[in-house]
Amino acid sequence: MKYRGSSNMLKAAVFFGSCVLTAMASSSPGKPETGVIDAVAGEHRTPAYVLRDEYRHPAETLVFFRLEKNQTVVEIWPGGGWYTEILAPLLKQQGQFYAASFPAETPVEYYKKSRARYDAKLAANPEVYDAAIVTELAPPEFTDIAPMGSADRVLTFRNVHNWMKAGSAEGVFSAMHSALKPDGLLGIVEHRAKPGTLFADMIKSGYVTEAAVIKFATDAGFELVASSEINANSADTADHPRGVWTLPPSLRLGDTDKDKYLAIGESDRMTLLFKKS
């Protein structure tokens, strides 16, 4: 794998060292996976995606999720492939990476276009992505995201609100539970609403309460084992005119109060780890 240069590698090493201490202190994840440093620093990553690292803390987050490069890992609804750019090369040699994307054949135009862009992304760089296996997830028709009981980890980033809006959250959590090995782990990052936020407001804003995520998970047969403030942002009040999409990277208000929202940064997020029980 190629890297972005010695200065970036040094930054990655320092960054990773601090995140290891944080993750080990909060959840005792065991031996840290140093391959994460290589994947985060890889020059194949999209430059605009790299700029988001300061908000998304990929190295810290993956250590907290106890990721190892020899595991079978499923990423749920990978979107534009932000985390795929890290997970696919990390797992390529010793593990297996599944991307549970949208169905290729679907009447939902957004799903169809998103899947086509994702497939094109992977096809354009076989050196990085040729070992990735793309599956389909859209309950109730498509739920086979990996062979049953095969995954060490299932990971999803900022997606629970989408499943709630689509009315498919229960089906997705069930599919994730089925894919995991006994005692396999589910890692979730999601925009965080204030406690007591109404369901309708969660749908409208994109912010979800921790209680709602935990209930979806426990109802599906998961047990919460750890939580982290790795992706917290105390500057985010979670009450913006266009919900979470008011903030970067979406900036739905355009130039209106743009500097204000850029100063806030990306959303306040929960980071939760569950075990299949």
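Up top is the structure these notes are about.
Analysis parameters
- Residues numbered from 1 in each chain as written.
- Predicted model: local features only at pLDDT ≥ 70, side-chain atom pairs only at ≥ 80, totals over all residues.
- Heavy atoms only, no water.
- 1 Å grid on protein atoms, 1.4 Å probe; cavity = no way out; pocket = protein on both sides within 12 Å on 5 of 7 lines; lining within 4 Å.
- Points joined across faces, edges and corners; volume = space filled by probe spheres on them.
- Helix = DSSP H or I, 4+ residues; strand = E, 2+ residues; numbered from the N terminus.
- Nonpolar A, V, L, I, M, F, W, Y, C, P; charged D, E, K, R; others polar.
- Phe/Tyr/Trp six-rings, centres within 6.5 Å; stacked < 30°, edge-to-face > 60°.
- Buried < 20%, exposed > 50% of the residue type's maximum accessible area, 1.4 Å probe, protein only.
- Lys NZ or Arg CZ within 6 Å of the ring centre and 35° of its normal.
- Salt bridge = Lys/Arg side-chain N within 4 Å of Asp/Glu carboxyl O.
- Core = buried A, V, L, I, M, F, W, Y, C linked by side-chain atoms within 4.5 Å.
- Contact = heavy atoms within 4.5 Å.
- Polar contact = N/O pair within 3.5 Å; in protein donor to acceptor, adjacent residues only side chain to side chain.
- Pairing = 2+ DSSP bridges.

Size it by volume and the largest pocket reaches roughly 1,300 Å³. Taken together, the elements giving at least two residues each to the lining of the largest pocket come down to α3 (47-50), β1 (72-76), α7 (109-124), β4 (151-157), α9 (160-166) and α11 (199-205). Per element, the largest residue contribution to the lining of the largest pocket is six residues, and it comes from α7. Across the lining of the largest pocket, the residue classes break down as 19 nonpolar, 11 polar and 11 charged.

The next thing to look at is the packing of aromatic side chains. Inspection of every chain in the model, using the stated rule, returns 13 aromatic pairs. Look at Phe173 and Phe216: their rings are 5.8 Å apart centre to centre, the planes differ by 15°, and that puts the pair in the stacked class. Taken together, the positions of Phe173 in helix α10 (residues 169-179) and Phe216 in helix α12 (residues 210-219) put the pair 43 residues apart, joining distant regions of the chain. Summarising the burial analysis for this pair, Phe173 and Phe216 share the class buried. One aromatic cluster is present, built from ring pairs that chain together Trp77, Phe102, Tyr110, Tyr111, Trp163, Phe173 and Phe216. The ring of Trp82 is capped by Arg56, whose NZ or CZ atom sits 5.2 Å from the centre of that ring.

Moving on, we come to empty space enclosed by the protein. Under the criterion given, the structure shown has three cavities of 30 Å³ or more. Looking at the second largest cavity, its volume works out to about 40 Å³. Around the second largest cavity sit Ala88, Leu91, Lys92, Gly95, Gln96, Phe97, Val128, Ala131 and Ala132, which together line it. Of all the elements in the fold, those that place two or more residues in the lining of the second largest cavity are α6 (84-91) and β2 (96-101).

What follows is about the pattern of salt bridges. For the structure on display, the rule yields 13 salt bridges. Taking the shortest distance from any N to any O, the salt bridge between Arg56 and Glu266 comes out at 2.9 Å. In this pair, Arg56 is assigned in helix α4 (residues 53-56) and Glu266 in the loop between α13 (258-264) and β7 (269-276), connecting sequence segments 210 residues apart. Of the charged contacts, one joins Arg192 and Glu210 as a salt bridge, the two residues approaching to 2.7 Å between their closest N and O atoms. Taken together, the residues Arg192 in the loop between β5 (180-191) and α11 and Glu210 in helix α12 connect sequence positions 18 residues apart. On the basis of relative accessibility, which here comes to 26%, the residue Glu210 falls in the partly exposed class. Each of the salt bridges in this network shares a partner with another, and the network as a whole consists of Arg52, Arg56, Glu266 and Arg269.

Here we take up the nonpolar core. Buried together is how nonpolar side chains tend to be arranged in soluble globular proteins. Among the nonpolar cores identified, the biggest contains 34 residues, and Val74, Ile76, Trp163, Phe173, Met176 and Leu186 are the most heavily contacted of them. Contributions of two or more residues to this core are made by β1, β2, β4, α9, α10, β5, α12 and β7. By residue number, the principal contributor to this core is α10, which donates six residues. Every residue in contact with Trp163, bar those within four places of it in the chain, is listed here: Ile76, Trp77, Thr156, Ser168, Ala169, Val172, Phe173 and Met176. In this structure, Leu87, Leu91, Ala99 and Tyr129 belong to the second largest nonpolar core, which totals 30 residues.

A few words now on the side chain of Ser168. The residue Ser168 is located in the loop between α9 and α10 in this model. Residues contacting Ser168, with those up to four places away along its chain left out, are Pro139 and Trp163.

On to the environment of Ser205. Here Ser205 is to be found in helix α11. Remark: the alpha-carbon pair of Ser205 and Trp245, spanning 40 residues in sequence, is separated by 8.0 Å. Ser205 has contacts with Gly243, Val244 and Trp245, leaving out every residue within four places of it along the chain. In terms of polar contacts, Ser205 uses its side chain to reach the backbone amide nitrogen of Tyr207, at 3.1 Å.

Before going further, it helps to examine the pairing of β5. Counting buried residues along β5, nine of its 12 residues qualify, which places the element largely inside the surrounding structure. Here β4 runs beside β5; their pairing, made up of six bridges, is parallel. Bridging across to β5, Phe157 finds its partner in Val189. Pairing of β5 with β7 involves seven bridges; the strand directions are antiparallel.

The values are spatial; any link to function lies outside them.
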